[in-house]
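Observations on the model geometry
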Amino acid sequence: MVKLVTLDDIAAAAQRIAADIVRTPLLPARWADPVRPVWLKPENLQPIGAFKIRGAFNALGGLDAAVRAAGVVTYSSGNHAQAVAYAAAAYGVTAHIVMPEETPAVKVQATRSHGAHVVLCEAGERESVAAELVESTGGVLVPPFDHPDVIAGQGTIGLEIAQDLPDVATVLVPISGGGLASGVGTAIRALCPRAEVIGVEPELAADTAESLAAGALVDWPVAQRNRTIADGLRSTPSALTFAHLQKVLDDVVTVTEDEIRSAVRELANRAHLVTEPSGAVALAGYRKVATSPGPAAVIVSGGNVEPSLLADILSGSQ
């Protein structure tokens, strides 16, 4: 039986990482429907531009000092890579990061800028390459979502939403590997039990929606998931995160590529927030679903976007 993360785990994570992250505010989207007021949780304002810093610092901080000193290894399409590299630098340990070759250059460069050793690999091979690095370097693996400390770290976002907006009616959270939704959902379920927790994912990478409907994990090929512009949402849940998602989500909404692009433009033009497509998916979901009356919290998960892609989106190009 899978052991689920608890509110106590998330509260402990909040204490552990407090000095290393930004406690992001809830920003009112004043142009939204007054019957369904929207608050944005701008995790793109974190030091590495995404929420992943929370799970990375909690995971590294939870390691025994002697284990951590041997270095860390991870695999990521970008934001977790930067987060682990940043956290490893803060702890003064070596980081080996495996990234798919199709990862946006801005994310690869940012990861290297924190002193990490980056290994590029072909699509679908990042886990196996990371396992080889663990064997050859003696470092400890810090996976992007399949770890209770990572889930608990991401759950601190839900803790903050509950503290700042206790009457929240709906929380919308993007889904990829499921670590963010697992942690946030756990916190909201415990602290705001009347609130709905809605996951959002691209139609082109909607493996979670299909899996939840089927009651079991459904495998989507890497090439199929890689079609979406939301490069940070191309992973698939693990057994650990899927068990959480089954318990904490009320629904999953899927959004089109055009709806994702529109949300990026809305955040830039109305909220003055630069976001990557993955970071705008939750807002796209809010625009598509009939949420309950009352305040909605939309997690803006990241802002690491290639300048050329952002320019294309803002100009309305496809």
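Further up the page is the structure itself.
Here's a quick rundown of the structure.

How each quantity is defined
- Residues numbered from 1 in each chain as written.
- Predicted model: local features only at pLDDT ≥ 70, side-chain atom pairs only at ≥ 80, totals over all residues.
- Heavy atoms only, no water.
- Pairing = 2+ DSSP bridges.
- Helix = DSSP H or I, 4+ residues; strand = E, 2+ residues; numbered from the N terminus.
- Patch = residues over 30% accessible without salt bridge, like charges linked within 9 Å, V, L, I, M, F, W, Y side chains within 5 Å.
- Areas by Shrake-Rupley, 256 points an atom, 1.4 Å probe, with all protein chains shown as cover.
- Salt bridge = Lys/Arg side-chain N within 4 Å of Asp/Glu carboxyl O.
- Lys, Arg positive; Asp, Glu negative; His and termini not counted.
- Charge placed at Lys NZ, Arg CZ, Asp CG, Glu CD.
- Buried < 20%, exposed > 50% of the residue type's maximum accessible area, 1.4 Å probe, protein only.
- Axes fitted to C-alpha atoms, helices over the stretch in contact; angles between N-to-C directions.
- Parallel < 35°, antiparallel > 145°, perpendicular 65-115°, else oblique.
- Contact = heavy atoms within 4.5 Å.
- Nonpolar A, V, L, I, M, F, W, Y, C, P; charged D, E, K, R; others polar.

**Points about the sheet that holds strand S6 (residues 140-141)**
- One open sheet holds the four strands; their spatial order is S5-S4-S3-S6, and the pairing between them is parallel. Two strands bound the open sheet, and with one partner strand each, they are strand S5 (117-121) and S6.
- Strand direction decides the pairing type here: strand S3 (residues 72-75) and strand S4 (residues 95-100), joined by four bridges, are parallel. Bridging across to S4, Val-72 finds its partner in Ala-95.

**Section: a negative patch on the surface**
- A surface patch of negative charge is lined by Glu-101, Glu-102, Glu-122, Glu-125 and Glu-132.
- Within the fold, Glu-122 resides in the loop between S5 and helix H6 (126-137).
- Glu-122 sits in the partly exposed class, given a relative accessible area of 47%.

**Regarding the packing of helix H12 (residues 257-270) against helix H13 (residues 277-288)**
- One way to put it is that H12 packs onto H13 with a least axis distance of 7 Å and a crossing angle of 100 degrees. Compared by their axis directions, H12 and H13 come out roughly perpendicular. Here H12 contributes Glu-259, Ile-260, Ala-263, Val-264, Glu-266 and Leu-267 to the contact with H13, which in turn contributes Pro-277, Gly-279, Ala-280, Val-281, Leu-283, Ala-284, Arg-287 and Lys-288.
- Tallied by class, residues from the contact of H12 with H13 come to nine nonpolar, one polar and four charged.

**So, the sheet that holds strand S8 (residues 196-202)**
- Taken in spatial order, the six strands make up an open sheet running S1-S2-S10-S7-S8-S9, and their pairing is mixed. At either end of the open sheet lies a strand with only one pairing partner, and these are strand S1 (27-29) and strand S9 (251-255). Strand-to-strand, the axes of this sheet are offset by a mean angle of 30 degrees, without reference to chain direction.
- Bridge count for S8 against S9 is five bridges, and the pairing is parallel. Bridged to Gly-199 within S9 is Val-252.
- Lying over the sheet, H12 contacts strand S2 (38-42), S8, S9 and strand S10 (296-300), oriented at roughly 90 degrees with respect to S9.

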